[in-house]
Amino acid sequence: MTSPEILLTRIDNRLIHGQVATQWAKELGASVLIVANDEAAADTFRQELMNMAAPAGVTTKYIPVADINGTLEQLDPGARVFIIVADPLDAKRLMEKTDAVKRINVGNMHMSEGKHQVATTVALDDMDKDLFRQMKEAGADLFIQRVPGSAVENPDALTK
């Protein structure tokens, strides 16, 4: 029996938006987009907005992070899954729930108070860096890339 394939997990505080819908999902050949974020899972209005940006023919699911294994078990065998989370804490929590989450793209983390720009679209604070260190130590393949086809930026910036 074939299990769903997790193609990529992306950290993007915007969750589903134009870049995710038109570029990443297409490039990956995703058949399912899973937004694993507790707040988004409880916000049906926000889900409706994200569904408008989602690619036609791709299934969207909005789940609390803790529900990842049950959600993956319910998918059709052979599903090609692209997971989107809002922040490093969601990504780390996913890694604690399933060993299928290993390849993590850091795509967009907005600048805010206490954060420092480390890449074109990534701003981190000390807690973010600590979470990235923990994920790296747990075997995650972390990389910074805004969109497919753009240059991969220095992943060491996530942990230093």
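Above: the structure in question.
Residues numbered from 1 in each chain as written. Predicted model: local features only at pLDDT ≥ 70, side-chain atom pairs only at ≥ 80, totals over all residues. Heavy atoms only, no water.

1. So, unusual backbone geometry
The condition is simple: Runs of E in the DSSP output that reach at least two residues are strands. Runs of H or I that reach at least four are helices, and both are numbered from the N terminus. Using a 1.4 Å probe on the protein chains alone, a residue whose accessible area is under 20% of its type maximum counts as buried, one over 50% counts as exposed, and one in between counts as partly exposed.
Even without being a glycine, Leu15 presents a positive backbone phi close to 60°. Tracing the sequence through the fold places Leu15 in the loop between strand S1 (5-12) and helix H1 (18-28). Of the residues examined, Leu15 reaches a relative accessible area of 0% and is grouped as buried.

2. Comments concerning the side chain of Thr121
Quick note on the threshold: Distance and chemistry together define a polar contact, namely a pair of N or O atoms within 3.5 Å, with one atom able to donate a hydrogen and the other to accept it when in protein, and with adjacent residues in sequence counting only for side-chain atoms on both sides. Whether two residues are in contact is decided by their heavy atoms: any pair within 4.5 Å suffices.
Within the secondary structure, Thr121 sits in the loop between strand S6 (116-119) and strand S7 (122-124). At a separation of 2.5 Å, a polar atom in the side chain of Thr121 contacts the main-chain carbonyl oxygen of Gly107. In this structure, Thr121 is in contact with Gly107, Asn108, Met109 and Arg146, ignoring residues within four places of it in sequence.

3. A few points about the nonpolar core
Rules: Nine residue types can take part in a nonpolar core, namely buried Ala, Val, Leu, Ile, Met, Phe, Trp, Tyr and Cys, and a core is a set of them joined through side-chain atoms within 4.5 Å.
Ile34, Val81, Ile83, Ile104 and Phe132 are the most contacted members of the largest nonpolar core, which totals 31 residues. Core analysis: the second largest hydrophobic core is formed by 20 residues, Val20, Leu28, Ala54 and Val58 among them.

4. Quick notes on the environment of Leu75
Relative to the elements of secondary structure, Leu75 occurs in the loop between helix H4 (68-74) and strand S4 (80-85). Given the relative accessible area of 10%, Leu75 is considered buried. Sequence separation between Leu75 and Leu158 is 83 residues, and the spatial gap between their C-alpha atoms is 32 Å. With residues up to four places along the chain from it excluded, the contact list for Leu75 reads Pro4, Val32, Ile34, Lys61 and Val81.

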